[in-house]
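# Breakdown of the fold
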2 protein chains.
Amino acid sequence: MSRILYSLTGEDESRPFSPHCWKAVMALHHKGLEFEEKLLPFTEIPTVEGGVTKIVPLLRDEDTLVSDSFQIALYLEETYPFAPSLFGGEGGKAMARFVEGYSQTTIHPAVTAIALMDIHNMLDPVDQVYFRKSREALLGKPLEEAFPDRDASIAAFTDKLRPLRHMLRSQPFIGGASPLFADYIVFGALQWLRVATGSVHLPADDPALDWFERCLDLFHGVGRSVG
Amino acid sequence: MSRILYSLTGEDESRPFSPHCWKAVMALHHKGLEFEEKLLPFTEIPTVEGGVTKIVPLLRDEDTLVSDSFQIALYLEETYPFAPSLFGGEGGKAMARFVEGYSQTTIHPAVTAIALMDIHNMLDPVDQVYFRKSREALLGKPLEEAFPDRDASIAAFTDKLRPLRHMLRSQPFIGGASPLFADYIVFGALQWLRVATGSVHLPADDPALDWFERCLDLFHGVGRSVG
């Protein structure tokens with residue numbers, strides 16, 4: 001088999017945490033495709049496949065290389081049209097971009113505010129240096145000072161899922177009766193938080209938590225197997 | 001023709017403002033269907049069609065009555081399958097519920113915070129009494145005291161559109177290359193703000209404003225014709 005997913009790892013290879021890599025993992029399982037996962041620390045990404053990319057996930061499928069999780073999902077949909085659809089048609093393909101917009105602008109900053117130091121601490125020493133330098137350039141301050149009130153960030157998190165919770169009154173998944181790539185977009189962000197901090201910090205009776213648990217159950221519990 | 005859309009009006013029938021009615025108006029135009037619009041003040045809604053509903057939009061299509069804007073869109077999609085699709089397939093139908101969740105939980109509260117008194121002031125005196133009583137019961141305080149800092153509410157509004165703005169990097173409409181019902185969901189909320197207050201309060205160079213202007217241009221400018 002020459003289907004390889006290059007994805008991100010910290011010091012412990014049993015606990016992959018990247019939200020974008022989780023989207024690609026779930027998309028490959030959704031299509032029922034076998035693949036070998038090759039885990040890379042941040043600073044080794046430019047060393048594989050002739051340095052084609054600085055970001056993972058990177059998919060090699062026979063002779064094709066595709067990076068970026070959304071592009072990977074689009075590639076899989078086009079290349080394996082007879083496997084279960086990741087988008088449910090052209091409208092779903094377009095609206096998955098809106099779900100991505102929500103996840104990137106609403107969930108990702110909220111996860112970062114909670115988990116920034118946890119993520120840093122999961123990395124190899126050499127990756128910690130890279131992570132600190134690149135993130136501090138974006139944040140304009142030391143990592144430790146960026147989000148000083150972690151408890152407040154956790155308390156603020158549940159509100160970010162209100163759009164999802166409202167939708168869950170109508171259906172069990174963003175994809176409707178069953179999950180689509182749009183579910184994996186938001187799942188990836190919450191799995192990132194769960195693996196990095198040990199919890200998604202949602203109340204026990206939260207319908208959004210029930211949805212996340214349903215996603216953890218998918219594909220023989222591939223998400224749940226990482227803790 | 002016996003296709004009638006019952007929708008909401010204030011004192012001035014030339015300025016319909018209801019976000020949910022705008023969704024239905026745009027959906028009917030999208031399907032290329034002719035219809036007669038019958039405008040009702042809040043307190044007259046229970047007097048039509050034998051008191052079948054307390055909410056508008058209400059669509060009568062020959063012998064069928066459908067209320068709730070999303071149900072109307074689903075009905076139109078099923079009944080007129082050969083007219084342009086409102087959802088672009090089953091995935092789009094499901095994800096439109098997520099866009100609805102975003103609009104209801106993120107945009108609607110933000111519009112209410114800006115426009116509550118403007119909406120009140122657009123109503124007939126008898127509807128003002130109904131509106132005040134029902135809204136004050138929800139808010140737990142006098143209308144005038146619910147959102148005392150209107151300028152702060154306006155300043156906070158632009159951030160609510162970040163998911164849309166992120167998506168607009170990939171495509172011109174939530175529906176992709178052209179609009180779908182999901183666009184009309186968010187459009188309805190912004191049109192409500194525009195008609196009630198005279199502006200959507202977005203910066204002139206905002207891609208989200210460009211998107212809204214594209215929606216105002218649709219169907220011979222039906223949205224733009226109301227000011």
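As the structure is a computational prediction, the values presented were derived from the model and not from experiment.

This part covers the interface of chain B and chain A. At the interface, 30 residues of chain B touch 30 residues of chain A. A combined buried area of about 2300 Å² lies between chain B and chain A, and 73% of that area is made up of carbon and sulfur atoms. Ranking the residues of chain B by area buried against chain A places M95, F98 and T105 of chain B at the top, with a combined share of 32%. Across the contact surface, chain B and chain A share eight residue pairs in polar contact (both at pLDDT 80 or more).

Turning our eyes to something else, we now look at the packing of aromatic side chains. One pair of aromatic rings is described through two measures. These are the centre distance and the angle between the planes. In this structure the tally under the stated criterion is 18 aromatic pairs over all chains. Centre to centre, the rings of F42 of chain A and F131 of chain A are 6.1 Å apart; their planes meet at 35 degrees, and the pair counts as tilted. Pair noted here: F42 of chain A is in the loop between β2 (36-40) and β3 (58-61) and F131 of chain A is in helix α4 (residues 125-139), with a separation of 89 residues, a long-range link. For the ring pair Y184 of chain B and F219 of chain B, a centre distance of 6.1 Å and an interplane angle of 65 degrees mean the geometry is edge-to-face. Placement of Y184 of chain B in helix α8 (residues 181-197) and of F219 of chain B in helix α9 (residues 207-221) is noted, with a sequence separation of 35 residues between them. For Y184 of chain B, a relative accessible area of 0% puts it in the buried group. The class of F219 of chain B is partly exposed, set by a relative accessible area of 24%. Directly above the aromatic system of F173 of chain B lies the positively charged group of R214 of chain B, at a separation of 5.5 Å from the ring centroid.

Two copies of a chain can be linked by a rotation about an axis combined with a shift along that same axis. If you rotate chain B by 180 degrees and push it 0.0 Å along the axis, it lands on chain A with an RMSD of 0.0 Å. Both copies are brought into coincidence by an operation consistent with a two-fold rotation axis. The position closest to the rotation axis in chain B is occupied by the C-alpha of G92 of chain B, lying 2.0 Å away. The share of interface residues of chain B whose copies in chain A are also at the interface is 100%, consistent with both copies meeting through the same surface.

Let's shift gears to the UniProt feature "domain: GST N-terminal" (unreviewed entry) in chain A. Mapped onto this numbering, the UniProt entry gives "domain: GST N-terminal" (unreviewed entry) at residues 8-84 of chain A. This span, residues 8-84 of chain A, is 30% helix and 18% strand, and a straight line between its end C-alpha atoms measures 26 Å.

Right, let's get into the domain arrangement of chain A. Residues and elements named next belong to chain A. Examined at the domain level, chain A breaks down into domain 1 (3-79) and domain 2 (90-221). Listed as interface residues are 22 residues of domain 1 and, on the opposing side, 30 residues of domain 2. Taking both sides of the interface into account, the surface hidden between domain 1 and domain 2 amounts to around 2400 Å²; carbon and sulfur atoms contribute 70%. At the junction of domain 1 with domain 2, the criterion picks out zero salt bridges. One can count five residue pairs in polar contact (both at pLDDT 80 or more) joining domain 1 with domain 2. If you list the elements that add at least two residues to the side of domain 1 that touches domain 2, you get α1 (19-30) and α2 (69-79). For the side of domain 1 that touches domain 2, the element with the highest residue contribution is α1, accounting for eight residues. The class makeup of the residues in the side of domain 1 that touches domain 2 is eleven nonpolar, seven polar and four charged.

We now examine the packing of helix α2 (residues 69-79) of chain B against helix α3 (residues 90-122) of chain B. All names here are of chain B. Contact geometry of α2 with α3 gives a least axis separation of 12 Å together with a crossing angle of 160 degrees. Taken as axis vectors, α2 and α3 run roughly antiparallel relative to one another. For the element pair α2 and α3, the recorded crossing hand is right-handed. Contact residues: F70, Q71 and L74 in α2; K93, A96, R97 and E100 in α3. Taken together, the residues that form the contact of α2 with α3 break down as three nonpolar, one polar and three charged.

Conventions we followed
- Residues numbered from 1 in each chain as written.
- Chains lettered and ligands numbered in written order.
- Predicted model: local features only at pLDDT ≥ 70, side-chain atom pairs only at ≥ 80, totals over all residues.
- Heavy atoms only, no water.
- Contact = heavy atoms within 4.5 Å.
- Buried area = accessible area lost by both parts, 1.4 Å probe.
- Polar contact = N/O pair within 3.5 Å; in protein donor to acceptor, adjacent residues only side chain to side chain.
- Phe/Tyr/Trp six-rings, centres within 6.5 Å; stacked < 30°, edge-to-face > 60°.
- Helix = DSSP H or I, 4+ residues; strand = E, 2+ residues; numbered from the N terminus.
- Buried < 20%, exposed > 50% of the residue type's maximum accessible area, 1.4 Å probe, protein only.
- Lys NZ or Arg CZ within 6 Å of the ring centre and 35° of its normal.
- Least-squares fit on C-alpha atoms with pLDDT ≥ 70 in both.
- UniProt positions renumbered as here; feature names shortened; annotations may be inferred.
- Domains from an automatic or database assignment.
- Salt bridge = Lys/Arg side-chain N within 4 Å of Asp/Glu carboxyl O.
- Nonpolar A, V, L, I, M, F, W, Y, C, P; charged D, E, K, R; others polar.
- Axes fitted to C-alpha atoms, helices over the stretch in contact; angles between N-to-C directions.
- Parallel < 35°, antiparallel > 145°, perpendicular 65-115°, else oblique.
- Left-handed = near helix turned anticlockwise from the far one by under 90°.

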